[in-house]
Amino acid sequence: MSGSSALYDIPGPKALARHRLYAWLTTAVLAALVGFVVYKLVDTGQFSAVKWRPFAYAGIQRLLLKGLANTLKAFAWAAVLSLVFGAVFAAGRLSDHRPVRWFSTLVVEFFRAMPLLVMIFFIFIALKLEPMTALVIGLTLYNGSVLAEVFRAGVNSVPRGQGEAAFALGMRKTQVMAQVLVPQAGRAMLPAIVSQLVVALKDTSLGYLITYEEFLYAGKLIATNLDYDLPFIPVVMVIAPIYIGMCMLLSWFANWLARRERHSPKVKDVPVTVATPPEI
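For the structure given in this document, a descriptive report is provided here. (Residues numbered from 1 in each chain as written. Predicted model: local features only at pLDDT ≥ 70, side-chain atom pairs only at ≥ 80, totals over all residues. Heavy atoms only, no water.)

## Focus on the packing of helix H4 (residues 98-113) against helix H6 (residues 131-157)
It is at 8 Å that the axes of H4 and H6 come closest, and there the two elements cross at 125°. The angle between H4 and H6 falls in the class oblique. Two packed elements cross with a definite hand, and for H4 against H6 that hand is left-handed. Along the contact surface, H4 presents Val107, Val108, Glu109, Phe111 and Arg112, while H6 presents Leu141, Tyr142, Ser145, Val146, Ala148 and Glu149. Residues of the contact of H4 with H6, tallied by class, amount to 7 nonpolar, 1 polar and 3 charged. (Axes fitted to C-alpha atoms, helices over the stretch in contact; angles between N-to-C directions. Helix = DSSP H or I, 4+ residues; strand = E, 2+ residues; numbered from the N terminus. Parallel < 35°, antiparallel > 145°, perpendicular 65-115°, else oblique. Left-handed = near helix turned anticlockwise from the far one by under 90°. Contact = heavy atoms within 4.5 Å. Nonpolar A, V, L, I, M, F, W, Y, C, P; charged D, E, K, R; others polar.)

Dropping the structure here:
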């Protein structure tokens, strides 16, 4: 077995011992940090029974489940509409028609630069729409604009020779985009798409500022209840892992799609006829 690689030298005994030492030191520091946080939580009474009693009530559980359902509903609408918005305006930015390209660029750059919270408040207050509608539209405009740039950059990352070869075969631009460029760019774009969808999922929490009864809004109602001794930290300790779990589940689903894409057959076996020169 070779002792080196084309990219780096395989670490020797001293380097491995040094790496183990760094790993143990890092683990010790993290354990000390976690221990300090737990100690402070216990010292301030965050694990007292009165602060955790609300979660045993059926009404509180229904409130949290309703908020979680509303969060998932807003995210589902925002995710689908953002993907559609991004695809449409990415196609507009890649258009050969200059007015379409300029208009798409203006829309994408405007909504990408506009603060999301400002857009949500404007839609909710100025246009007087329902809280969920205002939240979904704001999320769609912002995340759709970012996804439009992701799609455009992904298509442009495909080597130009791929598109030129397709045009040389007589394919129209729509066919080149749908059958050649987008399938090749899709795998490269997937991590960025998932990252932006995770951002959209977390940004649904902004709905509580416009009284949309989502997950964080439900937690706020519980955390500010004087009857339960203001259980703010327990509410955070319940809500935060659920948000983290939803984001991890979304990332897992994207990885599953990527693995399925890699293992799926791309080209079926077709008979090939080889042209032979005519006899002279």
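## Focus: the pattern of salt bridges
All chains considered together, the criterion is met by 5 salt bridges. Lys66 is paired through a salt bridge with Glu213; the nearest N and O atoms lie 3.1 Å apart. Remark: Glu213 occurs in the loop between helix H8 (173-203) and helix H9 (215-223) and Lys66 occurs in helix H3 (residues 58-93); sequence separation between them is 147 residues. Owing to a relative accessible area of 39%, Glu213 belongs among the partly exposed residues under this scheme. The residue Glu109 makes a salt bridge to Arg112 at a minimum N-O spacing of 3.1 Å. Placement of both Glu109 and Arg112 in helix H4 is noted, with a separation of 3 residues, approximately one turn of the helix. Taking relative accessible area as the criterion, Glu109 reaches 33% and is therefore assigned partly exposed. The partly exposed category is assigned to Arg112, whose relative accessible area is 33%. A network of salt bridges, in which partner residues are shared, links Arg93, Glu109, Arg112, Glu149 and Arg152. (Salt bridge = Lys/Arg side-chain N within 4 Å of Asp/Glu carboxyl O. Buried < 20%, exposed > 50% of the residue type's maximum accessible area, 1.4 Å probe, protein only.)

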